[in-house]
Amino acid sequence: VQLQASGGGLVQDGGSLRLSCAASEHTFSAWAVGWFRQAPGKEREFVAAVSWSGTSIYYSDSVKGRFTISRDHAKKTVYLQMNSLKPEDTAIYYCGIDRLNILGSSRKVSDYQYWGQGTLVTVSS
């Protein structure tokens, strides 16, 4: 399966962006999807994840209350709505698929088997 992440860009402190993660196959709907990010010089870190059904959702403490993850099975797409962006949110954002834990509860990079190419989010102060 191929994943295409898009929607990144340059935004001012306090602004909003919506990222999309589009899949090439309908089997995407059977798997959990996570968003991770990697800032320069740092390791990739968990941001949010959604179960295959969309009913179980998880967020890192740093984005809880500001970001919202959702999915549209018909469009084979998972979204990450990012509000109240901060300069520390600047990173390349990646979406990944966890085929083994469809509940979406994993926060480990190594638990995700497929990754998109990433989309750059830059928040200016």
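Higher on the page you've got the structure.
Throughout this description, residue numbers start from 1 for each chain and increase along the sequence as written. Given that this is a predicted model, residues contribute local features only at a pLDDT of at least 70 and side-chain atom pairs are listed and counted only at 80 or more, while totals for whole chains, interfaces and linings are drawn from all residues. For the side-chain quantities, the full set of heavy atoms in the structure was used; hydrogens and water were omitted.

**Q** When you look at the packing of aromatic side chains in this model, what are you seeing that I'm missing?
**A** In this scheme Phe, Tyr and Trp rings, the latter by its six-membered ring, pair at centre separations within 6.5 Å, and the angle between planes marks the pair as stacked below 30 degrees, edge-to-face above 60, and tilted otherwise. Taken as a whole and assessed by the stated rule, the structure comprises 5 aromatic pairs. Plain terms: the ring middles of Phe36 and Phe46 are 5.6 Å apart, the flat faces sit at 80 degrees to each other, and that makes the pair edge-to-face. Note that Phe36 is positioned in strand β4 (residues 32–38) and Phe46 in strand β5 (residues 45–50), a separation of 10 residues in sequence. Only protein chains enter the calculation, and the probe is 1.4 Å; a residue is then buried if its accessible area is under 20% of its type maximum, exposed if over 50%, and partly exposed in between. The exposure class of Phe46 is buried, given its relative accessible area of 9%. Ring plane angle 75 degrees and centroid distance 5.0 Å describe the contact between Phe36 and Tyr112, whose orientation is recorded as edge-to-face. Of this pair, Phe36 sits in strand β4 while Tyr112 is found in the loop between β9 (91–98) and β10 (114–115), placing the two residues 76 residues apart along the sequence. For Phe36, a relative accessible area of 0% corresponds to the buried category. The class for Tyr112 is buried, based on a relative accessible area of 4%. The helix count covers DSSP runs of H or I at least four residues long, the strand count covers runs of E at least two residues long, and both are numbered beginning at the N terminus.

**Q** What exactly am I supposed to notice about the side chain of Ser29 here?
**A** Summarising the element assignment, Ser29 is placed in the loop between β3 (17–23) and β4. Here a polar contact means two N or O atoms within 3.5 Å. Within protein one must be a hydrogen donor candidate and the other an acceptor candidate, and residues neighboring in sequence count only if both atoms are side-chain atoms. Within the structure, the side chain of Ser29 is placed 3.1 Å from the side chain of His73, a separation counted as a polar contact. Dropping the residues within four chain positions of it, Ser29 is found in contact with Trp52, Arg71 and His73. We call two residues contacting when some pair of their heavy atoms lies within 4.5 Å.

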